[in-house]
Amino acid sequence: MDERKSGDTPTLDRQIVALALPALGALVAEPLFVLVDSAVVGHLGTAQLAGLSLASTLLVTLVGLCVFLAYATTAAVARRLGAGREREALQSGIDGLWLALGLGVVLALVLLLAAPWATDAMGGAGAVGQHAVTYLRWSALGLPGMLLVLASTGVLRGLQDTRTPLWVAAGGATFNGVLNVVLVYGLGLGIAGSGIGTAVAQTAMGLVLVVVVVRGARRRGASLRPATGGIWANARAGAPLFVRTLSLRLAILLTVFVAAGLGEVALAGYQVVASVWGLAAFALDALAIAAQALVGFGLGAGDVPRVRGVLRRTLQWGVAAGAVIGVVMAAGGWWFALLFTSDPQVRTAVALGMAVCGALMPMAGWVFVLDGVLIGAGDGRFLAWAGMVTLVVYAPVALAVRHWAPDGAPGLAWLWLAFAGVFMAARALTTGLRARGTTWMTTGAAP
C-alpha cells in the first residue's frame, strides 16, 4: 500500500515530519532575510532601523499578497498527484511560473515609482522616510525572483518535495547574510547595500528553483510554453486566496500604522518583535504546509477518513509546537533585543512585546494549521470571506490602541495584545467552525 494513503497515527506522524521539517527550513528563509537585514541595519542607527521597519513591511506585504502563487499551486498539484495525473500537475505548475514572472515584473516597476508615496502613507517622515525609500527601491529589483520562488515552491510542495526548497532557501539566506555585511559595511553602502543584497539573493533563489521545476516538467512531458488559458486558470484559482491574504496584510499594515503613531521607540521595537514573530509564524506554518500537501493528496484520492486524520493530528502538533515556541519567546525577549539594538528603551519595548506574543503563540499554532488544511482543500472562497470578517473585528481595536495607549514600550505591549490576541482569536473561531463541518471536503482532481 502507498504509505501516503495510510491513515494510522505513527505513519501519519512520519509523513507530517517528513514534509514539515524541510518546509520549516524553507519557510524561515523569508523572515531570516528580514532578521539579517534588521541585525545589520540596526547597528547603523535607530532611524535606519525604523526606516527598515516601514520598508520591509511594505515589501513583505507585496510578496505576501502573492502567496497564492504557492498555495493555490500546492493544492492543485497535490490533488492531481493524488488522482494519478502527474503531467497535468506539472503543466499547472509551469503556467504558475509564467504568471509569477509577469506579476513580479509589474510589481517591481510599481514599487520603484511609488516608493515615496507608499512610505508617506505609512507615516514615514524625515530621515526615517528617506531610509525607507532607499531600501524599497533597491530591494524591489528582487521581486520577480521572489515570486518565482513562491510559484516553484508551490509546485514542489504539491509533489510532496519540501527538501529541494529547503536547500535553496538555506543557500539563499546564507548568501543574503554575506552580501549584506559586505555591501553595508565593507563597501559602505549603508541601507542601500542591504536592499541590493536581498534582491540579488532572491533572484538567484528563483532561478535555481525554476530550473528544478522545468526539468521535472520535461520528464513528464509537460509543455514549457506560456498558455493563456492555463495562466488565467491559475490566476482565477488564486483570486480568493489573494483576498484572504489581503485581509491579513491589511491587518499588518494597520498594526505598523499604529506602531508609528506610538513613537520612534515603539516602531523600532515593533520591527524587532515582528521579525521574531514572523520567524515563529513561519515555523508553525511548516505544519500548515504539510497539511496542505496531505489534505490535497487525500481529497484527490477520495480518502475522506485520511483527511480527517490529517486535520486532527496536525492540529495537535500545531498547538504543542506553539506552546514550545511561546515559552522561548517569552523567556528570551530581553536577550533577543540585545542582538538588534543598543537603545535601552527599545530593548524594554522588545521584551514586553515578546512576552505578550509568547503567551498567545499556542493559539497561533491552531490558526496556522487550520489555514493550511482549508487551503489544501481548495476552500479559498470561505477563507476570503472569513479574512475580511476578522479584519473588521480587529480594526477598531487597533485604532483604539493608537488613540489611548501610551507611547513607547507599554503602547507596544498593548498593540501586540490586540494583534496576537484579538485578531488571531477571530481567525481561530471562524476557521475552527468551518473545519468542524464537511462542506470543504470536495474530492477528486479539482475542488
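As shown above, the structure is provided for reference.
My aim in this report is to walk through the structure given alongside it, one point at a time. Just so it is clear, the model here is predicted, and its values are computed rather than measured.

### A few points about the packing of aromatic side chains
Moving on, step 1. Summed over all chains, the structure comprises nine aromatic pairs.
Moving on, step 2. Taking the centre distance of 5.4 Å and the plane angle of 20 degrees together, the rings of Tyr270 and Trp416 count as stacked. Of this pair, Tyr270 sits in helix H11 (residues 264-300) while Trp416 sits in helix H15 (residues 408-436), placing them 146 residues apart in sequence.
Moving on, step 3. A residue is classified by how much of its surface remains accessible, and Tyr270, at 4% relative accessible area, is buried.
Moving on, step 4. Ring geometry for Phe419 versus Phe423: centroids 5.4 Å apart, planes at 25 degrees, classification stacked. Taken together, the residues span about one helical turn, with Phe419 and Phe423 both in helix H15 at a distance of four residues.
Moving on, step 5. The buried category is assigned to Phe419, whose relative accessible area is 6%.
Moving on, step 6. Taking the relative accessible area as the measure of exposure, Phe423 reaches 2% and is therefore buried.
Moving on, step 7. Ring-pair connections join several aromatic residues into one group, and the members of that group are Tyr270, Trp277, Tyr394, Trp416, Phe419 and Phe423.

### Considerations on the packing of helix H3 (residues 46-65) against H11
Moving on, step 1. Orientation of H3 relative to H11, taken along the N-to-C sense of each, is 60 degrees, at an axis distance of 9 Å. Taken together, the axes of H3 and H11 lie oblique to each other. Relative to H11, the crossing made by H3 is left-handed. Residues Thr46, Leu49, Ala50, Leu52, Ser53, Leu54 and Ser56 of H3 pack against Glu264, Leu267, Ala268, Tyr270, Gln271 and Val272 of H11.
Moving on, step 2. When the residues that make up the contact of H3 with H11 are grouped by side-chain class, the tally is eight nonpolar, four polar and one charged.

### Thoughts on the nonpolar core
Moving on, step 1. Formed by 138 residues in total, the largest nonpolar core has its most connected members in Leu69, Trp277, Val295, Tyr394, Leu415, Trp416 and Trp440.
Moving on, step 2. The leading source of residues in this core is H11, at 22 residues.
Moving on, step 3. Residues contacting Trp416, with those up to four places away along its chain left out, are Tyr270, Val273, Ala274, Trp277, Gly353, Val356, Cys357 and Gly421.

Calculation rules
Residues numbered from 1 in each chain as written. Predicted model: local features only at pLDDT ≥ 70, side-chain atom pairs only at ≥ 80, totals over all residues. Heavy atoms only, no water. Phe/Tyr/Trp six-rings, centres within 6.5 Å; stacked < 30°, edge-to-face > 60°. Helix = DSSP H or I, 4+ residues; strand = E, 2+ residues; numbered from the N terminus. Buried < 20%, exposed > 50% of the residue type's maximum accessible area, 1.4 Å probe, protein only. Axes fitted to C-alpha atoms, helices over the stretch in contact; angles between N-to-C directions. Parallel < 35°, antiparallel > 145°, perpendicular 65-115°, else oblique. Left-handed = near helix turned anticlockwise from the far one by under 90°. Contact = heavy atoms within 4.5 Å. Nonpolar A, V, L, I, M, F, W, Y, C, P; charged D, E, K, R; others polar. Core = buried A, V, L, I, M, F, W, Y, C linked by side-chain atoms within 4.5 Å.

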